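Commentary on secondary and tertiary structure
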Amino acid sequence: MNKKIGVFDSGIGGLTTLEEIRKILPNEDYIFYADSKNNPYGEKTIDELNKITKNIVNKLLEKNVKLIVIACNTATTQCINYLRSEFPNMIFVGTEPAIKVACDNNYKNTLVMATPGTISSERTHELITNNKRENENIILVPCDKLANAIERNDKKDIDKILHDNLDKYKKKDIDAVVLGCTHYPIIKDRIQSFFPNSKLIDGNNGVAKRVKNQLEEHNLLSNKKVKGTLEFIQTE
Ligand code: DGL
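Residues numbered from 1 in each chain as written. Predicted model: local features only at pLDDT ≥ 70, side-chain atom pairs only at ≥ 80, totals over all residues. Heavy atoms only, no water.

1. Concerning the overall build of the protein
Across its full length, the protein carries 10 helices and nine strands. Against the compact-globule benchmark of 18 Å for 236 residues, the protein has a radius of gyration of 17 Å, which places it among compact chains. In terms of its C-alpha atoms, the protein occupies a principal-axis envelope of roughly 50 × 35 × 35 Å. Looking at the protein as a whole, 53% of its 236 residues are labelled buried. By sequence separation, contacts in the protein at least 24 residues apart represent 79% of the contacts at least 6 residues apart. Working note: accessible area of the protein is about 11,400 Å², and carbon and sulfur atoms make up 47% of it. Each charge class in the protein was averaged separately, 35 positive and 32 negative side chains, and the resulting centres sit 3 Å apart. (Helix = DSSP H or I, 4+ residues; strand = E, 2+ residues; numbered from the N terminus. Rg over C-alpha atoms; globule rule 2.2 N^0.38 Å. Buried < 20%, exposed > 50% of the residue type's maximum accessible area, 1.4 Å probe, protein only. Contact = heavy atoms within 4.5 Å. Areas by Shrake-Rupley, 256 points an atom, 1.4 Å probe, with all protein chains shown as cover. Lys, Arg positive; Asp, Glu negative; His and termini not counted. Charge placed at Lys NZ, Arg CZ, Asp CG, Glu CD.)

Structure representation (structure tokens):
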């Protein structure tokens, strides 16, 4: 079945997810929808995001996709249930902060960096309740405007936002940092420099595996023997 896989985000962040998916599914055809016009998602209301993401799904459906990856933690934690109810026949794979991975590794102190929308979402709190053991601390760090500064490649703003949000944790014993926004792996070296001894975790590999499982389960894997194509759409 050689329909395309649709992948969307509020801009370039989702490319970090797409890269992982293409590593394990190179022969699939992809369409990447970068909704830069509506960036940042992290500071929008749920109603606004439901409207924006529904519109994107309709655009991807016109392109006849077989599965949609929400390559955005903010849109996933806020909208995935709504999108599943609006489009019951579509397969959605979402991206969530990798809190479970950190807890399963039994790190004592884990920072979770994400947009304000993701941090305040019910889903993030559910992930903590469902996975955190008694001896583990999860510290939530809403990084207001960081995704947008990365989208604009504004190095000065990126540095200021990182210092404002992370300096106070530098001297603490941080074992792991969850990158709970798909824009953050783009600046992972910069984040690592604040915590040279901590493990940085993102959810992209988990998403890629889930896409593969879902395609296998629904018998939708591409039967192409050559590298797949990539179509790129960007809103401005
Ligand atoms: N990449 C999106 C995420 O994973 C960025 C959100 C934004 O646009 O604020 O949350």
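After that view of the structure, there is still more to cover.
2. Here's the deal with the pattern of salt bridges
Opposite charge on two side chains makes pairing possible when the charged atoms of those side chains draw close. One pass over the structure, following the stated rule, counts 18 salt bridges. Measuring nitrogen to oxygen at the nearest pair gives 3.9 Å for the salt bridge that ties Lys145 to Glu43. One end of the pair, Lys145, is in the loop between strand 6 (137–142) and helix 7 (146–151); the other, Glu43, is in the loop between strand 2 (30–34) and helix 2 (46–62), with 102 residues separating them in the sequence. Residue classification places Lys145 among the partly exposed residues on the basis of a relative accessible area of 46%. When salt bridges that share partners are traced, they join Lys100, Asp104, Arg133 and Glu136 into one network. (Salt bridge = Lys/Arg side-chain N within 4 Å of Asp/Glu carboxyl O.)

3. Considering the sheet that holds strand 7 (residues 176–179)
What the four strands build is an open sheet, ordered 6-5-7-8; its pairing is parallel. In the strand order of this sheet, the two ends are held by strand 6 and strand 8 (199–201), each with one partner. On average, each strand axis in the sheet is inclined to that of its neighbour by 20 degrees, with strand direction left out of account. Two elements, strand 5 (residues 109–114) and strand 6, share six bridges in a ladder whose sense is parallel. Within the sheet, the bridge partner assigned to Ala114 lies in strand 6 and is Pro142. (Pairing = 2+ DSSP bridges. Axes fitted to C-alpha atoms, helices over the stretch in contact; angles between N-to-C directions.)

4. Quick look at the site of the ligand
Lining the immediate surroundings of the ligand are 14 residues, of which Ser10, Tyr41, Gly42, Thr74 and Thr182 lie closest. Tyr41 is positioned with one of its backbone polar atoms (N or O) 2.7 Å from an oxygen atom of the ligand. The contact in question runs from an oxygen atom of the ligand to an N or O atom on the backbone of Gly42, over 2.7 Å. Protein burial of the ligand: of its 300 Å² of free accessible surface, 99% is covered by the chains. In this structure the site holding the ligand corresponds to the largest cavity. (Near = heavy atom within 4 Å. Polar contact = N/O pair within 3.5 Å; in protein donor to acceptor, adjacent residues only side chain to side chain. 1 Å grid on protein atoms, 1.4 Å probe; cavity = no way out; pocket = protein on both sides within 12 Å on 5 of 7 lines; lining within 4 Å. Sits in = over half its atoms within 2 Å of the grid points.)

5. Observations regarding the packing of aromatic side chains
Within this structure, the stated rule accounts for three aromatic pairs. Aromatic side chains Phe32 and Phe232 sit 5.5 Å apart centroid to centroid with 15 degrees between the ring planes, which places their arrangement in the stacked category. Of the two residues, Phe32 is situated in strand 2 and Phe232 in strand 9 (residues 230–234); the sequence distance between them amounts to 200 residues. Its relative accessible area of 0% is what places Phe32 among the buried residues. Given the relative accessible area of 42%, Phe232 is considered partly exposed. (Phe/Tyr/Trp six-rings, centres within 6.5 Å; stacked < 30°, edge-to-face > 60°.)

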